[in-house]
Amino acid sequence: MRGLLRSLWNEPRPPDAPRRVWRDWALVGVLVPVAVLEGILRPDLPWRAVSVVVTAGLVFTLLWRRTRPLLMVLIVFAVTSLAPLFAGGATVETYTLAYVLVVLYALFRWGSGREVAIGFATMVASVSLSVAAGRIGSADVVGAFAVMFSAFALGMAARFRARARMREFDQVKLLEREQLARDLHDTVAHHVSAMAIRAQAGLATSAADPGAAADALRVIEAEASRTLAEMRAMVRVLRRNEPAELAPGKHIADLEQLAGQARVGPSVDVELRGDLDGLPPSVGAAIYRIAQESVTNARRHARHATRIEVSVAADDTSVRLRVSDDGDSSASRTISSAGYGLIGMIERAGLLGGTCEAGPNPGRGWTVTAVLPRAGAVT
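As recorded by an unreviewed UniProt entry, the chain carries the name histidine kinase and is attributed to Nonomuraea turkmeniaca. According to UniProt, the comment filed for the chain under the heading Catalytic activity (unreviewed entry) is "ATP + protein L-histidine = ADP + protein N-phospho-L-histidine."

Student: Is there a simple way to think about the packing of helix 4 (residues 69-82) against helix 6 (residues 113-133) in this case?
Tutor: Packed helix pairs are specified by the crossing angle of their axes together with the interaxial distance, meaning the distance between the axes. One can describe the packing of helix 4 onto helix 6 by two numbers: an axis separation of 9 Å at closest approach and a directional angle of 10°. In this view, helix 4 runs roughly parallel relative to helix 6, as classed from their interaxial angle. Residues P69, L70, V73, L74, F77 and S81 of helix 4 form the contact with helix 6, whose own contacting residues are E115, I118, G119, T122, M123 and S126. In the contact of helix 4 with helix 6, the residues fall into seven nonpolar, four polar and one charged.

Student: What's the story with the environment of G278 in this structure? I'm lost.
Tutor: Note on placement: G278 falls in the loop between strand 2 (267-274) and helix 9 (281-301). By relative accessible area, which is 75% here, G278 ends up exposed. Each C-alpha atom of the pair G278 and R374 lies 9.3 Å from the other, and the pair is 96 residues apart in sequence.

Student: How should I be thinking about the nonpolar core in this particular structure?
Tutor: Grouped together as the largest cluster of nonpolar side chains are 30 residues, with contacts concentrated most on I252, L255, I287, V312, V319, L321 and V323. Mapped onto this core, the elements with two or more residues apiece are helix 9, strand 3 (307-314), strand 4 (318-325), helix 11 (340-351) and strand 6 (366-373). Excluding its chain neighbours within four sequence positions, the residues that come into contact with L321 are I287, I290, A291, V310, S311, V312, V368, T369 and A370. Counting 28 residues, the second-largest nonpolar core is a separate cluster that includes L70, V73, Y99 and V127.

Student: Help me out: how do you make sense of the pattern of salt bridges in this one?
Tutor: Pairs may arise between side chains of opposite charge once their charged atoms sit close together. For the structure shown, the criterion picks out 10 salt bridges. Of the charged contacts, one joins R66 and D24 as a salt bridge, the two residues approaching to 2.8 Å between their closest N and O atoms. Residue R66 is located in the loop between helix 3 (48-58) and helix 4, and its partner D24 is located in helix 2 (residues 22-41); the two are separated by 42 residues in the primary sequence. For R66, a relative accessible area of 14% translates into the label buried. Across the pair E309 and R307 runs a salt bridge, and its minimum N-O distance is 3.4 Å. Judged by relative accessible area, E309 falls into the partly exposed class, the value being 35%. Among the ionic contacts, a cluster of salt bridges with common partners joins D24, R65 and R66.

Student: How should the confidence of the model for the chain be read in this particular structure?
Tutor: Low pLDDT marks regions whose predicted coordinates should not be analysed in detail. Taken as a whole, the chain shows an average pLDDT of 80; of its residues, 82% reach a score of 70 or greater. Across the chain, the secondary-structure element scoring lowest on mean pLDDT is helix 10 (residues 331-337), at 45, and the one scoring highest is strand 4, at 93. A low-confidence stretch, residues 241-248 (pLDDT under 50), is modelled with 14 contacts involving residues beyond four sequence positions or located in other chains. Within the model, pLDDT remains below 50 along residues 334-338, and this stretch shows five contacts once partners closer than five positions in the same chain are excluded.

Student: Can you help me understand the pairing of strand 6 in this one?
Tutor: Within a regular beta strand, the side chains point alternately toward one face of the sheet and then the other, so they alternate between its two faces. Among the eight residues that make up strand 6, six are buried, leaving the element largely enclosed by the rest of the structure. Where strand 4 meets strand 6, seven bridges bridge the pair, whose relative direction is antiparallel. Within strand 6, the residue paired with R320 across the bridge is V371. By the bridge criterion, six bridges tie strand 5 (residues 355-360) to strand 6 in an arrangement that is antiparallel. Bridged to T355 within strand 6 is V371. Connecting strand 5 to the next strand, strand 6, in antiparallel fashion are five residues, including G365 with a positive phi near 95°.

What counts and how
- Residues numbered from 1 in each chain as written.
- Predicted model: local features only at pLDDT ≥ 70, side-chain atom pairs only at ≥ 80, totals over all residues.
- Heavy atoms only, no water.
- UniProt positions renumbered as here; feature names shortened; annotations may be inferred.
- Axes fitted to C-alpha atoms, helices over the stretch in contact; angles between N-to-C directions.
- Helix = DSSP H or I, 4+ residues; strand = E, 2+ residues; numbered from the N terminus.
- Parallel < 35°, antiparallel > 145°, perpendicular 65-115°, else oblique.
- Contact = heavy atoms within 4.5 Å.
- Nonpolar A, V, L, I, M, F, W, Y, C, P; charged D, E, K, R; others polar.
- Buried < 20%, exposed > 50% of the residue type's maximum accessible area, 1.4 Å probe, protein only.
- Core = buried A, V, L, I, M, F, W, Y, C linked by side-chain atoms within 4.5 Å.
- Salt bridge = Lys/Arg side-chain N within 4 Å of Asp/Glu carboxyl O.
- pLDDT = per-residue confidence, 0-100.
- Pairing = 2+ DSSP bridges.

This is how it looks when you write it as structure tokens:
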């Protein structure tokens, strides 16, 4: 228990607390006239001038409620506690003063652990002194504490929700780094190693056999082109405005997750045929990514489509993927589909020594076909 209290006391402020924005100034600009208007229109308001001055003056605490939450709470309770001294013992009871709840909420949302503890103790002490002085009845204490605990609950809920989202973003970033590290190891590092080996062989044989050195240079050029293509594909993935994937390392078995009837758009049927066991991870991942991108493009661009068929067939030498839909084969779709998605699929297939083609069907629909060697790229 002592450790829990110590951790709560040492809780830091949430990072990136927003400073004053135009909405805060707009809120102040609305509440000040409202406070003055209430003082004019309410005949039952005791000590009208004091109530209006206190209510309108405390509005400006909203401007610093996020950056100085404890100080603003102390100012609010100090002013409202001292106001009866200038109002013949009467409390300030304007309806506009309800904005104080926003200040209390900000303390629990943006304050540090010790600021929250000090502010909460100040609230309890202020209510207790009001009861002792007879300014509020014992029956109103329940309402006062209910209001304070409501602000406490809302502020802490928003605080922990923001922290959970931050942890989720950190997890996404970590998984994306792992995905990039895996792609670099499986593709780019492989080709760079091949280039280094070829370069060493070319240097060793250049004096005795210049032709072998030229062959080594041609292989290095091809490997460098593949590496550059893969790096460009990675950069495109990073630059595209799409959410990061939380499950890296996809393979062919995951294609079944694409099947089913979506809430909006065509249904997806997946058929797997042949011996798909023992495929290299790079081939399985490439098949999945190409199929995923093809299904995404079909859902985005296939007008009036009702069905998307995904078929994967494997034999002893190759793996064949076919993604077809029954939508309209219009010219506008041809243009819109020739984006980074199609280029990325072609590059991904070419990196493994395969091919990828896309085009309209003779009747209706659009088909993407990819053929990859079963053993992966040959170097």
